[in-house]
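What the coordinates show
Listed below, chain by chain, are the residues.
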Amino acid sequence: MSELHRHLRTVARTALETLGLTAEQADAGLRLEPPKNKDHGDVALGAFQLAKAAGKAPPAFAAELAQRIPADDVIASATAAGPFVNFKFRRSALARDVVTAIAQSQAPYGPAAANGQTVCLDFSSPNIAKPFHIGHMRSTVIGNSLRRIHRHLGATVHGINHLGDWGMPFAKMMTAYMHWGNEQELAKAPMRYMFELYKRYSNEVKTNPGLDDEAARHFQALESGQDNQERRMWQFLRDESLKAFQGPYDRLGVTFDHITGESFFEDKMAAAMARVTAAGVLEKSEGAEIVDLKAQGIKAPCLLRKSDGTTLYHTRDLAAVFYREATFHPTRILYVVGAEQKLHFDQLKAVLQKMNEPIAAAVEHVPFGLVLSKTADGNWEKFASRAGNAVFLDEILDEAVAKVRQIIRDKNPDLPDADRIAEQVGVSAIVFNDLKNSRIKDVKFDWDSMLNFDGETGPYVQYACARLASILRKAEAPVPTPEQVDWTCLEDAERVLLTMLEFGTAVQRAADQSEPSHVTAHAIALAGEIHSYLRDHRVLDAEPPVRAARLLLVDAARRVLTTGLFLLGIPAPERM
RNA sequence: GCACCCGUAGCUCAAUUGGAUAGAGCAUCAGACUUCGGAUCUGAGGGUUGCAGGUUCAAGUCCUGCCGGGUGUGCCA
């Protein structure tokens, strides 16, 4: 909360107490929000709850409340409008409070002090026997952003890449490699080569179902824990895959705190199963071991051991929960995994609840929508790697980068280091697009709109940053300090200031709802406001006091935009 | 069949979780000191928020029933 809001709350609480409300009632009803219509004021208070607590009609109560809030050196006015009380800050106080906080990197504009939360963030988690394509990007960039957001807010964050390096998919890849694999071919282009193997297996298994049985035998052999051919093959393929993934991760600027795949829990599953058994919730059914969840409202039981004795996805996730609980003591465990796996995580949580494990409350699925591609007749359909039409992430990024490179050639031919900038801007365009809308919405992947860099896009926000940086460069002097600035010179910047004031709310909401799009939306809004401001307000040729104040404003906007982009995992180039 | 998700302007999406006159971008049209960076800005047109009920002082938001699209649904992950 900003100083402005804190002051407003204090004054309002005092006024409410003189109107006969208790401190608790005042706090509960004191919901200060930006009004929908900017003309109403800077902050709005709907007096419905408060009026109810006071036993009065909302409009009458709002009028009384407004009357008891005097103007002071921060509050310019409090006026009642029907059941609302609208507040306006003094412009100079608004400027001083917001810009000073930004200049000094105070929270929320800079990193906050520890907030006592520990967040385990399970994201990206590709199946390392499959190609890393556009579909894998969503979990990766959403998780990467959430990791930065929580860290910014003062949480201890464990970003975990829960690699799919165990189980049947991996056994199938192993089987394919044993039949047709060639080490030299693999070394040339590991990702693509594995994809070829994957496709070949998928094709051949149609006419030769025995392949799946073979894969199952290999998995049993692998899970036996003995040092055998399967284990060596597993180690080899895992190492190669990890090397191959590093490329996309580097380009996207993604890092992890732990790379512990499913295989990491190999030796922890027996204890997990023992714990489930001890809780008395494990049953035998049709040769398998299950937890019945009907009492928890889920019809499908959770399978923890197959009739052939091997374990499942659920078994490993359960072991992972226990491990994380013991190792990290998390307050939240977030799984950034596609919406199609909702049932899986509902079951996981339900099993923990049935076991009376308190950690169940921390388990939270963070689902997201599919990536759809446009068909010839204008409809949207799922990207299907099975059909062999997987689009490799690299190809998409390359295409975007090439487009940016061309725009630079057209508009800014003298830009130094153009290739590096094109990489930054092009990759960001794709990432930004993925984080722009609510997670749960499907991402419509359409080349034309993807490569249109006008409007609400990554390049739009980066362009604003570059423009601001350019002005600061041309000032050829250090940015003024807050002490040097006459705040009355920024009274015309209210739209920019009020937008920057909202930054903390946007970040907090993003963390609470696991929804990076709130940060994206804020960055777009601020970029728009500063662009508009610069149209009518010259900086460099203004009178000295005005120039100094505006320079500091420009620097503040640049900092907030840069931080916002950082929280999305996107760089802010000084030139582009 | 059952469960869950989505449905808002021609298209893609917002709407601070129940609050004031539902807002942006794209596309279309009309404009902007010969640019402190035009990847920008200003403006215009464009809406029965899928349909029908209900709860409430107040519903795009909550409840019920439909319609349309999607995802999932015991030995994959």
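Residues numbered from 1 in each chain as written. Chains lettered and ligands numbered in written order. Predicted model: local features only at pLDDT ≥ 70, side-chain atom pairs only at ≥ 80, totals over all residues. Heavy atoms only, no water.

1. Things to note about the packing of helix H20 (residues 503–513) against helix H21 (residues 517–536)
Two elements in contact, H20 and H21, have axes whose closest approach is 7 Å; the angle formed by their N-to-C orientations is 160 degrees. Of the possible angle classes, the one that applies to H20 and H21 is roughly antiparallel. Taken as a pair, H20 and H21 cross one another with a handedness that is right-handed. Contact with H20, carried on its side by Phe503, Ala506, Val507, Arg509, Ala510 and Gln513, involves His518, Val519 and His522 of H21 and no other residues of that element. (Axes fitted to C-alpha atoms, helices over the stretch in contact; angles between N-to-C directions. Helix = DSSP H or I, 4+ residues; strand = E, 2+ residues; numbered from the N terminus. Parallel < 35°, antiparallel > 145°, perpendicular 65-115°, else oblique. Left-handed = near helix turned anticlockwise from the far one by under 90°. Contact = heavy atoms within 4.5 Å.)

2. Observations regarding helix H5 (residues 91–103)
In a regular helix each residue adds 1.5 Å, so 13 residues correspond to 18 Å; H5 covers 18 Å between its end C-alpha atoms and thus fits that length. Counting buried residues in H5 gives 10 out of 13 residues, a clear majority hidden from the surface. Along H5, the residues classified as buried are Arg91, Ala93, Leu94, Ala95, Asp97, Val98, Val99, Thr100, Ala101 and Ile102. Here the buried face of H5 lies against helix H1 (3–18), strand E4 (84–89), helix H19 (494–501) and helix H22 (544–568). Ser105, located one to two residues past H5, shows a positive phi value of around 55 degrees. (Expected span 1.5 Å × (residues − 1). Buried < 20%, exposed > 50% of the residue type's maximum accessible area, 1.4 Å probe, protein only.)

3. What to know about the packing of aromatic side chains
Each pair of aromatic rings is reported with the distance of its centres and the angle of its planes. Using the criterion set out here, one finds 15 aromatic pairs in the structure. When the ring of Tyr177 is compared with that of Phe236, the centres are 5.8 Å apart and the planes differ by 50 degrees; the resulting orientation is tilted. One end of the pair, Tyr177, is in helix H7 (residues 167–180); the other, Phe236, is in helix H11 (residues 229–252), with 59 residues separating them in the sequence. On the basis of relative accessibility, which here comes to 22%, the residue Phe236 falls in the partly exposed class. Ring centres of Phe265 and Tyr323 lie 5.7 Å apart, and the angle between their planes is 75 degrees; this geometry places the pair in the edge-to-face category. Of this pair, Phe265 sits in the loop between H11 and helix H12 (269–278) while Tyr323 sits in helix H13 (residues 313–328); the two residues are 58 residues apart in sequence, bridging distant segments of the chain. On the accessibility criterion, Phe265 (0% relative accessible area) is buried. In textbook terms, an aromatic cluster arises when at least three aromatic residues are bridged by ring pairs, as seen for Phe123, Phe245, Tyr249 and Phe256. The positively charged end of Arg148 is found above the aromatic ring belonging to Phe566, 4.5 Å away from the centroid. The positively charged end of Arg192 is found above the aromatic ring belonging to Phe392, 4.3 Å away from the centroid. (Phe/Tyr/Trp six-rings, centres within 6.5 Å; stacked < 30°, edge-to-face > 60°. Lys NZ or Arg CZ within 6 Å of the ring centre and 35° of its normal.)

4. Concerning the packing of H11 against helix H15 (residues 393–411)
Packed helices, taken two at a time, are described by their axes: the angle between them and the distance between them. H15 packs onto H11 with a crossing angle of 35 degrees between their chain directions and a minimal axis gap of 11 Å. Along this stretch, H11 crosses H15, giving a crossing that reads as left-handed. Of the residues in H15, those in contact with Pro248, Arg251 and Leu252 of H11 are Leu393, Asp394, Leu397, Asp398 and Val401.

5. Quick notes on unusual backbone geometry
For the bond from Ala107 to Pro108, the omega torsion is 5 degrees, close enough to zero to count as cis. Secondary-structure assignment places Pro108 in the loop between H5 and strand E5 (118–122). Backbone geometry places His329, a non-glycine residue, at a positive phi of 50 degrees. One non-glycine residue with positive phi stands out, namely Asn356, at about 60 degrees. Given a relative accessible area of 67%, Asn356 falls into the exposed group.

6. Structural notes on the domain arrangement of chain A
Taken domain by domain, chain A comprises domain 1 (3–89), domain 2 (118–366) and domain 3 (393–567). Each of domain 2 and domain 3 has a C-alpha centre, and these two points are 37 Å apart. Broken down residue by residue, the surface that domain 2 buries against domain 3 is led by Arg138, Ile149 and Arg251, which jointly contribute 30%. For the pair domain 2 and domain 3, the number of links is 5 salt bridges. Salt-bridge contacts for Arg251 lead to Glu423; the nearest nitrogen and oxygen are separated by 2.9 Å. At the boundary of domain 2 with domain 3, the tally comes to 11 residue pairs in polar contact (both at pLDDT 80 or more). (Domains from an automatic or database assignment. Buried area = accessible area lost by both parts, 1.4 Å probe. Salt bridge = Lys/Arg side-chain N within 4 Å of Asp/Glu carboxyl O. Polar contact = N/O pair within 3.5 Å; in protein donor to acceptor, adjacent residues only side chain to side chain.)

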